[in-house]
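# Report on the structure
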Amino acid sequence: MHFLDAPLHVNKIQQATLDTLLAVCEASAPVARRAARAMARAAGREQLGPWDLRAPAPEFSSAGAALPFDTALQLIAAAYAGVDEEMGDFVNLMAERRWIEGTVTSSKRPGAYCTRFPKSGNSRVYMTYGGSSSDVITLAHELGHAFHAWAMRDLPDSQRSYGMSLAETASTFGETAVRDAMLQRAPDPAARFAIMWEEIAALPTFLLNIPARFAFENAFYQRRSERPLRPSELNTLMAEAWTRWYGDAMAEPDPLFWASKLHFYISGLSFYNFPYLFGYLFSTGVYFKREALGGDFYARYVALLRDTGRMTAEQLAREHLQVSLEEPAFWAQTIERLSARVAEFEALVSELTDG
Ligand SMILES: [Zn+2]
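Please read all numbers here as calculations on a predicted model, not as lab measurements.

Rules used in this analysis
- Residues numbered from 1 in each chain as written.
- Predicted model: local features only at pLDDT ≥ 70, side-chain atom pairs only at ≥ 80, totals over all residues.
- Helix = DSSP H or I, 4+ residues; strand = E, 2+ residues; numbered from the N terminus.
- Rg over C-alpha atoms; globule rule 2.2 N^0.38 Å.
- Contact = placed C-beta atoms within 7 Å.
- Pairing = 2+ DSSP bridges.
- Axes fitted to C-alpha atoms, helices over the stretch in contact; angles between N-to-C directions.
- pLDDT = per-residue confidence, 0-100.
- Buried ≥ 20, exposed ≤ 12 C-beta atoms within 10 Å, placed from the backbone.
- Arc of directions from axis to C-beta.
- Core = buried A, V, L, I, M, F, W, Y, C linked by C-beta atoms within 7 Å.
- Domains from an automatic or database assignment.
- Parallel < 35°, antiparallel > 145°, perpendicular 65-115°, else oblique.
- Nonpolar A, V, L, I, M, F, W, Y, C, P; charged D, E, K, R; others polar.

Bringing the overall build of the chain into the picture now. In terms of helices and strands, the chain carries 14 helices and 3 strands. Relative to its length of 355 residues, the chain is compact, with a C-alpha radius of gyration of 21 Å against a globular reference of 20 Å. The long-range fraction of contacts in the chain, counting pairs at least 24 apart against all pairs at least 6 apart in sequence, stands at 73%.

This is how it looks when you write it as structure tokens:
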């Protein structure tokens, strides 16, 4: 067996799809590097460093007034209803039944999650809601998970579990729909910057960092078949992978990433990286299909979500979106749309930093 056989099988993805995905990713590295450089420029520098990857967004204005919880829910319901009335109704239902817990207390940590009950098919969202733009988007993300479960609620339990590569389809969709609605009502460039930051930060994360992890692990498995590797050799492999993917967008590599990143240590799973890349580009691609499909979109979207537990990713895409994931076109179109968002962000950073 090849060392990639098991991870591909677990994630229900064909080798041809992974090859295409990585090739498109390689071709689109310049777009992701532009995003990284724009982020660095916003922080007053030319390049990012590994230490920047966990840094918060630079602030160009004092944070606006916190958005009350009820107002955020109305905003999310309206953005969801923009896709289809039924999606807006779903958010209102979650709110009316008090299935969303968003208080801030001294005994709660920051963060959010969604959990569902197998028998009723109902979901609950728990989060610490502080009222920032990023909290509103997080709430929209969790409600996306809840909507995914709701769309599948009448299916037998055996058809309701989906792999990691499809798990973020509805959450990314909800997040992006709400982010777009928020951008439309943002009062000034500083507010638009705060809303766009995380969306732009996702490009270097998913299109550079994740492929670097894959490249490292791939090289590691090849070498490891001959003999065990010393720490210094792991450092070299990691530094090579970072330099290859980040190019000049990163001031220096993080050679000890193999020691700090949990994902390399999960003994039951290998290559716990490419499903993130797949999930990111697939879910973003589904969102971008919204305009292309117009009035047809919602019915297809719900049908796609309902099939996530019983089809492979390739089948889903062929059946509901009429695209082939083994071919580059679907992925390349998604990158093209993301590239337009990067250009928008670059203009925003120039506007904010030139003054
Ligand atoms: Zn999620």
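Additional details are given in the paragraphs that follow.
Right, let's get into the sheet that holds strand 2 (residues 112-116). Across the sheet, which stays open at both edges, the 3 strands sit in the order 1-3-2 with mixed pairing between neighbours. Every other strand in the sheet has two partners, leaving strand 1 (100-101) and strand 2 as the edge strands with one partner each. Two elements, strand 2 and strand 3 (residues 123-127), share 5 bridges in a ladder whose sense is antiparallel. Paired with Tyr113 across the bridge in strand 3 is Tyr126. The strands touched by helix 5 (residues 133-151) within the sheet are strand 2 and strand 3, with strand 3 carrying the most contacts at an inclination of about 165°.

Of all residues in the chain, 99% attain a pLDDT of 70 or more, and the chain-wide mean is 93. No element of the chain has a lower mean pLDDT than helix 6 (residues 164-167), which averages 85, and none a higher one than helix 9 (residues 231-246), which averages 98.

Before going further, it helps to spend a moment on helix 13 (residues 313-321). Quick reminder: α-helices carry 3.6 residues per turn. Residues three or four places apart thus point the same way. Those residues of helix 13 that fall on the buried side of the exposure criterion are Ala313, Leu316, Ala317, His320 and Leu321. Around the axis of helix 13, the buried residues are gathered within 95° of arc, so they sit on the same side. For helix 13, the elements touching its buried residues are helix 6, helix 11 (274-293), helix 12 (297-306) and helix 14 (328-353). Phi turns positive, to about 55°, at Gln322, one or two residues after helix 13.

We now examine the pairing of strand 3. Residues in a regular strand project their side chains so that they alternate between the two faces of the sheet. Here strand 3 shows one buried face, formed by Ser123, Val125 and Met127, and one open face, formed by Arg124 and Tyr126. Bridge analysis of strand 1 against strand 3 gives 2 bridges, and the strand direction is parallel. Within strand 3, the position partnered with Ile100 by the bridge is Val125. Linking strand 2 to strand 3, which pair antiparallel, is a turn of 6 residues; within it Gly121 sits at a positive phi near 75°.

Grouped burial of nonpolar side chains is what soluble globular proteins tend to show. In terms of nonpolar packing, the biggest core is built from 97 residues, with Ala35, Ile76, Leu143, Ile200 and Leu277 touching the most fellow members. Viewed by domain, this core spans two of them, domain 1 (5-61 + 200-353) and domain 2 (69-185), each represented by three or more residues. Residues within four places of Leu143 in sequence aside, it is in contact with Ile76, Val91, Met94, Val125 and Gly174.

Below, the discussion takes up the packing of helix 3 (residues 69-83) against helix 7 (residues 169-185). For any two helices packed against each other, the geometry is given by the interaxial angle and the distance between the axes. At a closest axis distance of 9 Å, the pairing of helix 3 and helix 7 adopts a crossing angle of 110°. On the basis of the axis angle, helix 3 is roughly perpendicular to helix 7. Contacts between helix 3 and helix 7 involve Leu75, Ile76, Ala78, Ala79, Tyr80, Gly82 and Val83 from the first element and Gly174, Ala177, Val178 and Ala181 from the second. Its residues assigned to classes, the contact of helix 3 with helix 7 comprises 9 nonpolar, 2 polar and no charged.

Here we come to the environment of Glu86. Relative to the assigned elements, Glu86 resides in helix 4 (residues 85-96). For Glu86, a count of 14 C-beta atoms within 10 Å puts it in the partly exposed group. As for Glu86 and Tyr298, which are separated by 212 residues in sequence, their C-alpha atoms are 9.4 Å apart.

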